[in-house]
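# A closer look at the structure
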Amino acid sequence: MADNFIWLRGEIVRQSQAFVNVLSPAAQFGLNVFEGIRCYWNAEEGVLYAFRLQDHLHRLLQSSRIVSFESPYSVAEIERSFRHAIEANDFLCDTAVRLTLFGDGEGSWSSCEPISMFIAPMPRARTDLRKIPKFAACVSSWERINDNVLPPRAKVGANYINGRFAHLQARRDGYDLPIFLGADRKVAEGAGACLFMVRSGELITPPTTSSVLDSITRDTVIRMARDIGIEVRERTIDRTELYLADEIFLCGSAAEISPIVSVDRFEVGRGEPGPLTVDMLHRYLAVASGVDGRYPDWRTAVNRSKAGSR
Ligand code: PMP
């Protein structure tokens, strides 16, 4: 086990020493709200950039509000702790950070006090542009949770068991990953990533009321695409449209831009990552790592090489 440093309840501890009570609502019921945040190493500048950190922290507090967690920390305090966690590890490489507020008492799912936080950075390389992955997807027979059951808008640990069912079924059936339909039988999202399809040159994604997480990468793709003159529409998507799409990709902080090359064994386009998908992936990584200097507000420098720029 990599024994990285974790920020836990105000202290920096080794992962092997980062404990929670087995009776905590977090351990027992998945009662936590969290963010998965990526940081990208810019070798040219000798700087590690967190991508859209403020937006992630804002969403964390929205998730907290929905589950009635009173965050003991302000956004500024969480950002300070985030830097502290990165600095403790001194990572000068692409990094993924799990940032979690969790029910840390001994209570049930209804009484979650006290609420604690951990911030766990771990090295994680970005998608290799020389070996772009291709995913075979299926439409899952599991239904996406919805706003009146377990709101997907809140990034709550327990929600991910829904994704687990669909993911395991997809793997057992010989696919790489699932695509969920919502209770309305329209396309929702993947198990941990939002979906875009390209039809007739238009980029189309389900609206944020279609049982999806209000994804920051989704917003990034929409903004970048519009800025280069691509038409983007947020509208509901039928299952069979996936069979007719020219391109499909999933997107998320972890997924980045993940090309889907088939759905239910129907080839998407030519069965290869499409041109717009590949272009978006290049643009996304260039912007996130600061190689493309546009959208400076999206990047927060969280660590620097002591030797300065290289
Ligand atoms: N949907 C779900 C269910 C997710 O877990 C994620 C990953 N956070 C996403 C979509 C993508 O969200 P984001 O772009 O903010 O990472």
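Up top you'll find the structure we're talking about.
A brief report on the enclosed structure follows. None of these values were measured; they are calculated from a predicted model. (Residues numbered from 1 in each chain as written. Predicted model: local features only at pLDDT ≥ 70, side-chain atom pairs only at ≥ 80, totals over all residues. Heavy atoms only, no water.)

## So, helix 4 (residues 160–172)
Definition in use: By the criteria applied, helices consist of DSSP H or I runs no shorter than four residues and strands consist of E runs no shorter than two, each listed in order from the N terminus. Given a helix with a known number of residues, its expected span is that number minus one, times 1.5 Å. Type-normalised accessible area, obtained with a 1.4 Å probe on protein chains alone, sets the label of each residue: buried when under 20%, exposed when over 50%, and partly exposed for intermediate values. Working definition: the arc comes from the directions between the helix axis and the C-beta atoms, pointing outward to the latter. Contact criterion: two residues are considered in contact whenever any of their non-hydrogen atoms come within 4.5 Å of each other.
Along its 13 residues, helix 4 runs 18 Å from first to last C-alpha, staying within 8% of the 18 Å computed at 1.5 Å per residue. Considered for burial, the residues of helix 4 that qualify are N162, G163, A166, Q169 and A170. One side of helix 4 carries all its buried residues, which in axial view fall inside an arc of 135°. Facing away from the buried side of helix 4, by more than 90 degrees, are the exposed residues R171 and R172. For helix 4, the secondary structure elements touched by its buried residues are strand 7 (135–143) and strand 8 (177–181). Just downstream of helix 4, G174 is the residue with a positive phi angle, here 90°.

## Overview of the site of the ligand
What counts, and what does not: If even one non-hydrogen atom of a residue comes within 4 Å of a molecule or strand, that residue is called near it. Pairing of N or O atoms within 3.5 Å defines a polar contact, subject to two protein rules: one partner must be a possible hydrogen donor and the other a possible acceptor, and residues neighboring in sequence count only if both atoms are side-chain atoms. Only the protein chains shown count as cover for residues, with accessible areas throughout obtained via the Shrake-Rupley method and a probe of 1.4 Å. Grid points spaced at 1 Å and placed over the protein atoms alone form the basis of the search, with a cavity being a set where a 1.4 Å probe fits but cannot get out and a pocket an open set showing protein on both sides within 12 Å along at least five of seven lines. Lining residues have an atom within 4 Å of a point. A pocket or cavity is taken to hold a molecule when more than half of that molecule's atoms are within 2 Å of the pocket's grid points.
Close to the ligand lie 15 residues; Y160, E189, S215, T217 and S253 are nearest. Contact distances for the ligand include 2.7 Å between an oxygen atom and a side-chain N or O atom of S215. At 2.6 Å from an oxygen atom of the ligand is found a side-chain nitrogen or oxygen belonging to S253. Within the complex, the protein chains bury 96% of what would otherwise be the 380 Å² of accessible surface of the ligand. Judged by the proximity of its atoms to the pocket grid, the ligand belongs to the largest pocket. Every element with two or more residues in the shell around the ligand is listed here: helix 5 (216–227) and strand 13 (247–252).

## A short note on the layout of surface pockets
What counts is decided by this rule: Grid points are joined across faces, edges and corners, and a volume is the space filled by probe spheres set on the points. Delimitation of the domains relies on an automatic or database domain assignment. Each residue receives one of three labels: charged for Asp, Glu, Lys and Arg, nonpolar for Ala, Val, Leu, Ile, Met, Phe, Trp, Tyr, Cys and Pro, and polar for the others, Gly being one of them.
Of the pockets and cavities examined, the largest pocket occupies roughly 960 Å³. Lining the largest pocket we find 42 residues, and of these A191, G192, A193, A254 and A255 sit closest to its centre. Listing elements by their share of the lining of the largest pocket, those giving two or more residues are strand 3 (32–42), helix 2 (53–66), strand 5 (95–103), helix 4, strand 8, strand 9 (187–190), helix 5 and strand 13. Shared between two domains, the lining of the largest pocket takes at least three residues from each, and those domains are domain 1 (5–123) and domain 2 (135–288). Taken together, 13 residues line the second largest pocket, and the ones lying closest to its centre are I6, Q15, A18, F118 and A120. Looking at the lining of the second largest pocket, the elements with two or more residues in it are strand 1 (5–8) and strand 6 (115–123). By residue class, the composition of the lining of the second largest pocket is 9 nonpolar, 3 polar and 1 charged.

## Examining empty space enclosed by the protein
Evaluated as defined, the whole model comprises 1 cavity of 30 Å³ or more. In this structure, the largest cavity spans a volume of roughly 40 Å³. For the largest cavity, the full set of lining residues is M224, I228, R283, V287, D292, R294 and Y295. Tallied by class, residues from the lining of the largest cavity come to 4 nonpolar, no polar and 3 charged.

Purely spatial values, then, with no claim about function.
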